[in-house]
Amino acid sequence: MFDFSLIKKDSIIITPLEVKQEIIKEKEKINPSFSIKILSKEDVIEGSYFKKSIEALWYLHQKGYSLASAEEIVSSLQGIKGGSEKLNLLKSIYDELFSCYLLEFNPYFKYLFVNKDVFIYRYSSLDKELLNALNKIDVTPTFLTDINKEYEHKVISFNNIDEELDYVFASIGSLLNEGIDINKIKMFTPPSEYTLPLKKYSYKHHIPLENKENISLYSSPICTLFISLLKDYEKEEAFNKICEMYQDDPYQAKERMVTIISEIN
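Each chain carries its own residue numbering, running from 1 in the direction its sequence is written. It should be noted that, the model being predicted, local features are given only for residues of pLDDT at least 70 and side-chain atom pairs only at 80 or more, the latter also being counted only at that level, while totals for whole chains, interfaces and linings use all residues. In computing side-chain values, all of the structure's heavy atoms are included and hydrogens and water are not.

Once that is clear, we can look at the pattern of salt bridges. Here a salt bridge means any side-chain nitrogen of Lys or Arg lying within 4 Å of a carboxyl oxygen belonging to Asp or Glu. As enumerated under the stated definition, the model contains 13 salt bridges in all. For K199, the salt bridge identified is with E72, shortest N-O distance 2.7 Å. Of the two residues, K199 sits in helix α8 (residues 195-204) while E72 sits in helix α4 (residues 67-76), which places them 127 residues apart along the sequence. The buried label goes to any residue with under 20% of its type's maximum accessible area, the exposed label to any with over 50%, and the partly exposed label to all in between, with areas taken from a 1.4 Å probe on protein chains only. K199 sits in the partly exposed class, given a relative accessible area of 39%. Per the convention used, a helix needs a DSSP run of H or I reaching at least four residues, while a strand needs a run of E reaching at least two, with both numbered from the N terminus.

Encoded structure:
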């Protein structure tokens, strides 16, 4: 925990939700009447830019996007600027949602920080998403660090996201080869620009990002294609074509499909 003597009354602390209760307990031990406000990174981003609305997601879904893709797109629009072809496309989506009044803005959010000391705890000082959101509302934060740290984390720098994720998934693969249960390997939630590259490297290294028991068979791309093939083929023939087309199956969808097909027979 950080040094609480640095915190003034009515300060704002930006920290992950899982750390919030830890801070509240520490505050109660030191001074129960001491008032502070705790926000998450997501709170700051939504307040500085806009809040994702169900209406915006549904609007994009009706345009042909899956709900998952729609959520990724709307998240990518927070703080978006044009420049490249991809960014210009996202900017045009933002302008369309804005013109349809489908984005929820909070014009009063910035006044929450007026004359307040703002601290960031357990978010990286290199977190551009968070820092850009704060910069938009003219807030300069102070970073808090843990006191009496027993060790320092190893820090490795990379030239780009691809190089970083190659290293991360290779390291996870090494742990799996040593017999470590994949359910005991955790990854901190990265910024939104990592979403699509993470999926790519998950398939490349054959390492699922989530426990396969928590992923529905219907959600897998293999199952989607299988259902499509059933329009023209018997289920056994459709399954054989799936096996020919998909050598990689990180969520073991084919194994579960065999069980379902045998039960239907």
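For helix α3 (residues 54-62), the set of buried residues is A56, L57 and L60. Burial along α3 is one-sided: seen end-on, the buried residues are contained in an arc of 100°. Opposite its buried face, α3 presents the exposed residues I54 and Q62, each directed more than 90 degrees away. Tucked inside the fold, the buried residues of α3 contact α4 and α5 (85-99). Looking one or two residues past α3, G64 carries a phi angle of roughly 115°, positive in sign. This arc is taken over the directions from the axis of the helix to the C-beta atoms. Working rule for contacts: check all heavy atoms of both residues, and any pair within 4.5 Å makes them a contact.

If DSSP finds at least two bridges between two strands, the strands pair. The four strands are arranged β2-β1-β3-β4 in an open sheet whose pairing can be described as parallel. Since the sheet does not close on itself, it has two edges, and those belong to β2 (37-39) and β4 (142-144), each with one partner. Each strand of the sheet is rotated relative to its neighbour by a mean of 30°, with strand direction disregarded. Pairing of strand β1 (residues 12-14) with strand β3 (residues 118-121) involves three bridges; the strand directions are parallel. If you follow I13 over to β3, its bridge partner there is F119. On the sheet, helix α6 (residues 128-136) packs against β1, β3 and β4 and is oriented at approximately 170° with respect to β3. In this description, a line fitted to the C-alpha atoms serves as the axis of each element, helices being fitted only across the stretch in contact, and the angle between N-to-C directions of two axes falls anywhere from 0 to 180 degrees.

With that settled, the discussion passes to the packing of aromatic side chains. Note on aromatic contacts: the rings of Phe and Tyr and the six-membered ring of Trp form a pair at centre separations within 6.5 Å, being stacked when their planes are under 30 degrees apart, edge-to-face when over 60 apart, and tilted otherwise. In this structure the tally under the stated criterion is eight aromatic pairs. Between F2 and Y121, the aromatic rings sit 4.8 Å apart at their centres with planes inclined by 80°, giving edge-to-face as the arrangement. Separated by 119 residues along the polypeptide, F2 in the segment before β1 and Y121 in strand β3 bring together distant segments of the chain. Accessibility expressed as a relative area gives 3% for F2, which makes it buried. Y121 sits in the buried class, given a relative accessible area of 1%.

Remember, this is a structural readout, not a statement about activity or role.
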